Amino acid sequence: MVVALDLNNIEQTFLRIAREGVGNRLSKLNPTLPAVILELNNGPVPDYPFVELSVGSISHTDGYLLSQFLDEDGNLVYDTFYKVELRYTVFGSNKSQNKKAVNIAQELESYFRLNHVLAKITKETAGTLESTSVITPSPVRLATEFVESAYFTLTMNVNDRHVSTDDGYFDTIEINGEVKRHDNDPDPFPFDLIETSRI
């Protein structure tokens, strides 16, 4: 079974969008790359402010199966529909109003109202953005200070395609025989049944 839901592609798309949308407000990972990272990133924590992206829940919506059909190789293909939740967490800097987490999160959330951003999501992920949540402040306590942070979630809908090379189908079934009214029936009824697949 081949699963087509490409979470890596979705993550990379939303990393790029955040860098385009608020990259000028963030620290840099290198001289040109704004600090937008994946949650559970193994690298060093960037300087503040930076944005962290994580994938939350993935669930089926509108029923498990949208359609099924045979592809050109005779494999059975299942179309399904997923709802994917993503979360941006902004870690800000208390030193500048321009670098505050809530302000950066607000600007990033607003960026998802632009038509060219929505078109980019559809083009690069085959999904559509359904909604964004409210922005929630969530300061993080360190040993001697608080780090200002805020987050919001996005919900997107993605069509997914599974190709099964294990499932089979029949082309034609032929059955013939006799039906008897009782064991000693001297005149059984003959039958022939031919059924052809319409898939």
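Located above this text is the structure these notes cover.
Model, not experiment: these values are computed from the prediction.

Q: Hey, could you go over the packing of helix 1 (residues 7–22) against helix 3 (residues 115–125) for me, with residue numbers and the actual values?
A: Running from N to C, helix 1 and helix 3 cross one another at 155°; their axes reach a closest spacing of 10 Å. One finds that helix 1 runs roughly antiparallel with respect to helix 3. The handedness of the crossing between helix 1 and helix 3 is right-handed. Residues N9, I10, T13, F14, R16, I17 and E20 of helix 1 form the contact with helix 3, whose own contacting residues are V117, K120, I121, E124 and T125. When grouped by side-chain class, the residues that make up the contact of helix 1 with helix 3 number 5 nonpolar, 3 polar and 4 charged.

Q: Describe unusual backbone geometry, with residues and values.
A: In this structure, the amide linkage connecting Y48 to the following residue, P49, adopts the cis form with an omega of -5°. The topology assignment puts P49 in the loop between strand 2 (36–38) and strand 3 (50–60). For A126, which is not glycine, the phi dihedral falls at a positive 60°. Relative to the helices and strands, A126 is located in the loop between helix 3 and strand 6 (127–132). When its relative accessible area of 52% is taken as the criterion, A126 is described as exposed.

Q: Hey, could you go over the nonpolar core for me, with residue numbers and the actual values?
A: Formed by 29 residues in total, the largest nonpolar core has its most connected members in F14, L86, Y88, L108, F112 and M156. Within the residue set of this core, elements represented by two or more residues are helix 1, strand 3, strand 5 (76–91), helix 2 (101–111), helix 3 and strand 10 (149–164). When residues of this core are assigned to their parent elements, the largest contribution, 6 residues, is made by helix 1. Look past the residues within four positions of Y88 in its chain and what remains in contact with it is F14, L15, A18, V51, E52, L53, L108, F112, A150, Y151, F152 and L154. In terms of nonpolar packing, the next biggest core, distinct from the first, is built from 5 residues, A35, I37, F50 and V147 among them.

Q: Account for the pattern of salt bridges, with residues named and values stated.
A: Scanning the model with the defined rule gives 7 salt bridges in all. Across the salt bridge formed by E107 and R25, the nearest N and O atoms sit 2.1 Å from each other. Here E107 is found in helix 2, whereas its partner R25 is found in the loop between helix 1 and strand 2, with 82 residues between them in sequence. Residue class for E107 comes out partly exposed when judged on its relative accessible area of 30%. Residue class for R25 comes out buried when judged on its relative accessible area of 10%. The salt bridge partner of K120 is E124, with a shortest N-O separation of 3.7 Å. Taken as a pair, K120 and E124 lie in helix 3 at a separation of 4 residues, close to a single helical turn. One network of salt bridges, in which partners are shared, links R16, E20, K120 and E124.

Q: Could you give an account of the side chain of S27, naming the residues involved and the relevant values?
A: Inspection of the secondary structure puts S27 in the loop between helix 1 and strand 2. Excluding residues that lie within four positions of it along the chain, S27 makes contacts with L33, P34, A35, P46, D47, Y48, P49 and F50.

Analysis parameters
- Residues numbered from 1 in each chain as written.
- Predicted model: local features only at pLDDT ≥ 70, side-chain atom pairs only at ≥ 80, totals over all residues.
- Heavy atoms only, no water.
- Axes fitted to C-alpha atoms, helices over the stretch in contact; angles between N-to-C directions.
- Helix = DSSP H or I, 4+ residues; strand = E, 2+ residues; numbered from the N terminus.
- Parallel < 35°, antiparallel > 145°, perpendicular 65-115°, else oblique.
- Left-handed = near helix turned anticlockwise from the far one by under 90°.
- Contact = heavy atoms within 4.5 Å.
- Nonpolar A, V, L, I, M, F, W, Y, C, P; charged D, E, K, R; others polar.
- Buried < 20%, exposed > 50% of the residue type's maximum accessible area, 1.4 Å probe, protein only.
- Core = buried A, V, L, I, M, F, W, Y, C linked by side-chain atoms within 4.5 Å.
- Salt bridge = Lys/Arg side-chain N within 4 Å of Asp/Glu carboxyl O.

By themselves, these are just geometric observations and shouldn't be taken as functional.
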